[in-house]
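# Remarks on the overall topology
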Amino acid sequence: MLKKRNIPTRVSCKGMPLRETLLAATALSAMPAFAQDAPPAETTELVEIVVTGTRAARDGYQAPSPTNVISAAVIDTQAATGLGEILEQTGMVKGTRNPNSNAVNTASPGQWTADLRGLGGQRTLVLVDSSRIVPFAPASNLSVPTTTDLNLIPTLMVERVETVTGGASAQYGSDAVSGVVNILLRREFDGVRVRAQTGISEEGDAEEQRVGVLGGWNSDSGRAHVVFSADWVDSEGMGDIYTRDWGRRETMIVSTPGNPSLTWGDNVHTALGVGGIIGQGRNAANTANVGFTLTGQTFNPDGSIRPFQYGYPLGPGATSSTMIGGEGESITKGVSQVPGVERASTYARFGFDFSDRLYGYASLGYSQSKGLLTAAQPRLTSTQLFIRADNAFLPTVVRDAMTAQGVGGFRMTRQGNDLGNNSYEIENKSPRFTAGLEGSFANGWDWDAHVSYGRNDYNYDSENNPITANLAFAVDAVRDGNGNIVCAATIPGHPRFNADAAGCVPLNLFGEGNTSAEARDYFQGDPHAEVVYKQKTFGANLSGKLFATWAGEIAVATGVEYRKEEEEVTADPIATAGGFFTGNNSPYSGAFDVSEGYVEAIVPLARESSFAKLIDLNLAYRYADYSTVGGMEAWKTGLVWEPFDFLRLRVSQSRDIRAPAINELYSPGAAVTNNITMININDLGTPNPTVRNYVIPQRTAGGDVNVQAEEGDTTTIGFVFSPSSGALSGFNFSVDYYDIQLDKAITNLNGANIANLCISGVRSFCNLFTFNAAGDPTALNAGSINLGSFEQRGYDVQLDYSHELFNGTWTIGYTGTFVADSIVDTGLPGAVPVDRAGEHGAANFAAVPDFRGNLTTSFKTHTWSTTLQAVHVSSGKLDNLYNTPGNPTISKNDIPSYVLFNVYGSYTLNDRIRLFGSIRNALNRDPVMTPYTVLNTPVYGAYYDKVGRQYSLGVDVSF
């Protein structure tokens, strides 16, 4: 009888010899294995396994697309609490959003996404049991994709993870542009297993605690099956850069005059001044500069002044925020380098065999995660602080100097260490229900159908976030008629009276530690936003064999799917109006539904012929009708040629699609009032039009209902070398070339880009502005657009070998990805395509190292196991455009190679108790410095470990 094992869509293979079994079960227990490259196995029971590379394949090993398989044994060996860290070791998945790289991710600091090829998590489709799950949808639309959060997956329930490293939209629909990650959960388990583990870094932080249980029951008749799990993980994260030796070097990049225009250096400090620095003198109306001899003086805690000790290259009146040397500390003081994450998941599944031909199941899951990030303190710049001569808190010596020199006011900067760092708490709650039937007909055809409902509740809370208007009111402190210090805007009849300032508390920024708690509470607020995202799906599939050709039977799979997704975002009134420094989310709602149909076939062309042991043609087609973008088509064709038993050649070509997400269609984006350099619209088309500086409301991170779907074309060519006998039995090696081209990429331009395009004469971008009667711009409202293209070419390499040695099994394996080109074309007029391959910085889309690899070797007996792993990142550049004509120059642009060693081990005491442990970053390797100029971070955590050596110890107890 055909026994079901995580079969998404099945084609019966009764009567066929099972040539191969999953390598994950026979080779590396500590390494991702490729499902198509396994040695022969003998079995008395036919276990049908269909991998994600095709819905119609008979056993998964003849699929034309490269498919990487990670078994539960790999997860257990590494004592991994989540799937993300395992996926990123393969080299093909970029850690764009994980706790190690989320120190600047205020919208989702705890999020962990799968980002194949570095194209963005929104272009990698994540499935659970071959079905979609409700995505993680933050309130912010700016650089935060709507995609699956791997933290919400019940890790203990995972049986294996299959990654298709090429386009798969024809088989699975929208979003599978760069590939598919299919997480297959256990359908059966017998007994109860309890897991407890704890970990800590060598520095005494980054503590992690875990408690989990996995259980199951099978009835005596073998017809009823229950499996359940519960898992809780609390990861404390890591503090600021000063908690590590590498961080105390205070590495950053600073703008410098001349050549180079950027200097990479240590001892980079804030130039804003923790007590405040007197900047450029101004007239009383704040419309013109006035000379002032106290420019460059800073305030001591007692209110007295002294010259600020500037570092290179700054001096009095400077407006830059960082400098090399000088007084003070890093601008990132207090900012978490690794956010804390607490997560919990529960899952239960009930299955019942009504007969040999009918199986039913229902599953219920609930997951919750919370990300905690301590972010930047208020960094108050000269455009935000204007101090007038009548300010009541001004020290007498300063006021007298202003009077004597005719200075009506001055600009001021201040690093608000004493004002408290912003903090963010992001919580996600996600229930999911699925029910389905699976069956087979007497003629050997199989069918299945399912319905599911999922919901994601996203809660965004921030603290100590400055309110722009309140800061301006509070800083403008004067004395009233009774001599009390009050906000000028609260005095009726005062020239600066404003009714919106009711309740204002005056703020003394002159010297560190002089602000009152009441004033801080007034000018800082707590943004809040919520997102409710709902997903409903239905799917039905039919698979079987049509008829036999000269080479064998044609296997087909076909099916229909329906999906509806809805999103509703709410936000507090201040954020809605764009009133906070950061965290300004806007309310909106939107929805779409899609009906889809697909068909896939594997057509044998040759079997056991003189020129081929096997040739198969794979064809797939999907049509999707979206309520938003209309009809879309995806297709795939592939060929597998096996000239010998030990050699398989494969090639595939696909057209892939990604429909716009709800936020890319309907989000209004955050409202920010800011400077923009623009022209009067009446000057458009005139020679050398006059540009002016305007301060206007700008929404540039929103959606657009007219945005179209993205289109991708993927080519893969590769081979598999897998001897089944002789000295190389147990050896598997594959190389696959890939070429992914993405067109009509959905993106958002910033205000400066839009203004420049308008000035250059592109009328469509001028139309995004609102102009007054005089022709001056008064607002900018720009949403998502289809602009530009992307192409990445490279090679995936996988190798493993297992051999019986002494009383155990020795295995060695390697996975790696070499990126030859990663070319980005923004589509902007006059822009030149840029190759981002070999770029290691955080600033640019599609930037990826030339090579990333993972070498693992292990030895395992019935009692104990030990594993050594080396994760390698090649050398490269921080930014490929630095030091090239027409672009910024920098003193250092080279990034060295990096190797990280991990050690894992386990010992089985008896049939019930197993001990396990790990030492991550065993040699305590410092991360490679990869400073990011925009957000002032010294290390890009997508590739480099920030924490250092970490110890973990745990126990499994079975009942």
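Residues numbered from 1 in each chain as written. Predicted model: local features only at pLDDT ≥ 70, side-chain atom pairs only at ≥ 80, totals over all residues. Heavy atoms only, no water.

## Considering the overall build of the protein chain
Keep this limit in mind: Where helices and strands are cited, they refer to DSSP runs of H or I of at least four residues and of E of at least two residues respectively, numbered from the N terminus. Between the two quantities, the radius of gyration covers C-alpha atoms and the globule rule is 2.2 Å times the number of residues to the power 0.38. Only protein chains enter the accessibility calculation, which uses a 1.4 Å probe; a residue whose area is less than 20% of its type maximum is buried, one above 50% is exposed, and one in between is partly exposed. In this analysis, two residues are considered to be in contact whenever any of their non-hydrogen atoms come within 4.5 Å of each other. Every accessible area reported is derived by Shrake-Rupley at a probe size of 1.4 Å, with residue values counting cover from the shown protein chains alone. Charge convention: Lys and Arg are scored as positive, Asp and Glu as negative, and His as well as the terminal groups of each chain are ignored. All charge positions are set by atom: Lys at NZ, Arg at CZ, Asp at CG, Glu at CD.
The number of helices and strands found in the protein chain is 11 helices and 54 strands. Relative to a compact globule of 959 residues, whose C-alpha radius of gyration would be 30 Å, the protein chain shows 30 Å and is just as compact. Within the protein chain, the proportion of its 959 residues that are buried is 58%. Within the protein chain, counting contacts between residues at least 6 apart in sequence, those at least 24 apart form 71% of the total. Roughly 35400 Å² of accessible area belongs to the protein chain as shown, and the carbon and sulfur atoms make up 56% of that amount. Seen as two clouds, the 70 positive and the 97 negative side-chain charges of the protein chain have centres 1 Å apart.

## A few points about the pairing of strand β33 (residues 588-607)
Stated precisely, the cut-off is as follows: Two strands form a pair only when DSSP identifies at least two bridges running between them.
Judged from the 15 bridges that link them, strand β32 (residues 552-571) and β33 form a sheet pairing that is antiparallel. Each bridged residue has a counterpart across the sheet, and for A555 the counterpart in β33 is I602. Sheet topology places β33 next to strand β34 (residues 614-626); 13 bridges connect them, and they run antiparallel. What sits directly across from E596, in β34, is A624.

## Some points on the pattern of salt bridges
Put simply, the test is: Should a side-chain nitrogen of Lys or Arg be within 4 Å of a carboxyl oxygen of Asp or Glu, the pair is scored as a salt bridge.
Evaluated as defined, the whole model comprises 42 salt bridges. For the salt bridge of K333 with E329, the shortest nitrogen-to-oxygen distance reads 3.2 Å. Residue class for K333 comes out partly exposed when judged on its relative accessible area of 27%. Classification of E329 by relative accessible area gives partly exposed; the value is 31%. Across the salt bridge formed by R658 and E664, the nearest N and O atoms sit 3.0 Å from each other. Of the two residues, R658 and E664, neither departs from the other in class, the shared state being buried. Within the structure, one salt-bridge network assembled from shared partners comprises E561, R563, E565, E596 and R622.

## Looking at the sheet that holds strand β43 (residues 777-781)
Heads up, the condition is: Angles run from 0 to 180 degrees between N-to-C directions of axes, and those axes are lines fitted to C-alpha atoms, restricted for helices to the stretch in contact.
In space, the 4 strands of this open sheet follow the order β37-β38-β43-β42, with mixed pairing throughout. Edge strands, defined here as strands with exactly one partner in the open sheet, are β37 (672-679) and β42 (769-771). Direction aside, neighbouring strands of the sheet carry axes that sit 35° apart on average. Of the pairings in the sheet, the one linking β37 to strand β38 (residues 691-699) comprises 8 bridges and is antiparallel in character. For I679, the partnering residue across the bridge sits in β38 and is V691. Most of the contacts of helix α10 (residues 751-759) go to β37, to which it runs at about 20°, and overall it touches β37, β38, β42 and β43.

## Brief notes about helix α6 (residues 468-475)
Among the residues making up α6, those that are buried are N470, L471, F473, A474 and V475. For α6, the secondary structure elements touched by its buried residues are β22 (379-380), β23 (386-388), β28 (477-479), β29 (485-487) and α7 (517-523).

## Describing the nonpolar core
Formally: Buried Ala, Val, Leu, Ile, Met, Phe, Trp, Tyr and Cys residues form a nonpolar core when they are joined through side-chain atoms within 4.5 Å.
Core analysis: the biggest nonpolar cluster contains 34 residues, and L878, Y943 and Y944 have the highest contact counts within it. Breaking this core down by element, the ones donating at least two residues are β13 (262-265), β40 (731-743), β46 (808-825) and β52 (898-908). Ranked by residue count, the leading element in this core is β40, at 3 residues. Discounting residues that sit within four places of it in the chain, Y943 has contacts with K94, H840, A847, V848, P849, R852, V873 and Y898. Counting residues in each nonpolar core, the second largest holds 30 residues, with V398, A401, A489 and L509 among its members.

## What to know about the pairing of β52
Pairing geometry for strand β49 (residues 864-873) and β52, over 10 bridges, is antiparallel. Opposite Q869, over in β52, you have N902 as the bridge partner. Two elements, β52 and strand β53 (residues 913-920), share 6 bridges in a ladder whose sense is antiparallel. Among the inter-strand pairings, S906 is bridged to a residue of β53, identified as F916.

## A few points about the environment of Y943
Cut-off, in case you're wondering: Polar contacts, as counted here, are pairs of nitrogen or oxygen atoms within 3.5 Å of one another; within protein the pair requires one atom able to donate a hydrogen and one able to accept it, and residues that are adjacent in sequence qualify only if both atoms are side-chain atoms.
As for its placement among the helices and strands, Y943 is situated in the loop between β53 and β54 (950-958). For Y943 and L542, which are 401 residues apart along the polypeptide, the C-alpha to C-alpha distance reads 42 Å. In terms of polar contacts, Y943 uses its side chain to reach the backbone carbonyl oxygen of A847, at 3.3 Å.

## Observations concerning the state of the cysteines
The criterion, for reference: Any pair of cysteine sulfurs within 2.5 Å is marked as a disulfide.
Counting across every chain of the model gives 2 disulfides. Here C487 is linked by a disulfide to C504, with a sulfur-sulfur distance of 2.0 Å. On the S-S bond that ties C487 to C504, the torsion sits near -75°, and the link is left-handed. Of this pair, C487 sits in strand β29 while C504 sits in the loop between β29 and α7, placing them 17 residues apart in sequence.

## Considerations on empty space enclosed by the protein
Condition: Residues are said to line a cavity or pocket when one of their atoms sits within 4 Å of a point; the points come from a 1 Å grid over protein atoms alone, cavities being sets where a 1.4 Å probe fits but cannot get out and pockets being open sets with protein on both sides within 12 Å along at least five of seven lines. Grid points are joined across faces, edges and corners, and a volume is the space filled by probe spheres set on the points. Following the grouping adopted for this structure description, the nonpolar residues are Ala, Val, Leu, Ile, Met, Phe, Trp, Tyr, Cys and Pro, the charged ones are Asp, Glu, Lys and Arg, and the polar ones are all others, Gly among them.
Enumeration over the complete set of coordinates arrives at 11 cavities of 30 Å³ or more. Its volume calculated, the largest cavity comes out at about 950 Å³. Elements that contribute at least two residues to the lining of the largest cavity include exactly α3 (84-88), β9 (191-201), β20 (340-355), β48 (851-860), β49, β52, β53 and β54. Of all the elements, β52 adds the most residues to the lining of the largest cavity, at 4 residues. Counted by class, the lining of the largest cavity contains 19 nonpolar, 18 polar and 9 charged residues.

## What to know about the confidence of the model for the protein chain
For the record, the criterion: The pLDDT score gives, residue by residue, the confidence of the prediction method on a 0 to 100 scale.
Considering every residue of the protein chain, the mean pLDDT works out to 89; 93% of them sit at 70 or more. When mean pLDDT is compared element by element in the protein chain, β29 scores highest at 98, while helix α1 (residues 23-26) scores lowest at 27. Below a pLDDT of 50 lies the segment residues 1-51, which in the model reaches 185 contacts outside its immediate sequence neighbourhood of four places, other chains included. When the criterion is pLDDT under 50, residues 57-62 qualifies, and its contacts beyond four places in sequence or with other chains add up to 28 contacts.

## A look at a negative patch on the surface
In plain terms, the rule: What makes a patch is a set of residues exposed beyond 30% relative accessible area and free of salt bridges, joined within 9 Å when like-charged and within 5 Å when nonpolar (Val, Leu, Ile, Met, Phe, Trp, Tyr).
Together, E425, D461, E463, E518, D521, D526 and E530 give the surface a local cluster of negative charge. The set of elements that each furnish at least two residues to the negative patch consists of β26 (446-463) and α7. With respect to the secondary-structure elements, E530 resides in strand β31 (residues 528-549). Its relative accessible area of 33% is what places E530 among the partly exposed residues.

## Side note on unusual backbone geometry
The step from N259 to P260 runs through a cis peptide bond, and the omega angle for that step is 10°. Within the element layout of this structure, P260 appears in the loop between β12 (252-255) and β13. Along the chain, Y312 connects to P313 via a cis peptide bond; the corresponding omega equals 0°. Along the polypeptide, P313 turns up in the loop between β18 (305-307) and β19 (322-324). Its identity as a non-glycine residue notwithstanding, N267 has a phi of 55°, on the positive side. Tracing the backbone through its elements, the reader meets N267 in the loop between β13 and β14 (268-270). Here N267 falls in the partly exposed class, since its relative accessible area comes to 42%. Not every positive phi belongs to a glycine, and N883 is a case in point at roughly 65°.

## Considering the environment of T293
Inspection of the secondary structure assignment puts T293 in the loop between β16 (289-290) and β17 (297-299). Relative accessible area serves as the criterion here: at 60%, T293 is assigned to the exposed category.

## A short note on the packing of aromatic side chains
The geometry of an aromatic ring pair is captured by the separation of the ring centres together with the interplanar angle, meaning the angle of the planes. Under the convention used in this document: Note on aromatic pairs: the rings of Phe, Tyr and Trp (six-membered ring only in Trp) are paired at centre separations within 6.5 Å, and the planes decide the class, stacked below 30 degrees, edge-to-face beyond 60, tilted for the rest. Lysine and arginine charges are scored as sitting over a ring when NZ or CZ, respectively, is within 6 Å of the ring centre and within 35 degrees of the ring normal.
Under the defined criterion, the tally for this structure stands at 23 aromatic pairs. A centroid spacing of 6.1 Å and a plane angle of 70° characterise the contact between Y801 and W810, whose relative ring orientation is edge-to-face. On the basis of relative accessibility, which here comes to 17%, the residue Y801 falls in the buried class. Here the aromatic cluster, defined as three or more aromatic residues joined through ring pairs, consists of F644, F646, F721, F731, Y801 and W810. The ring of W264 carries the charged tip of K892 above its face, separated from the ring centre by 4.6 Å.

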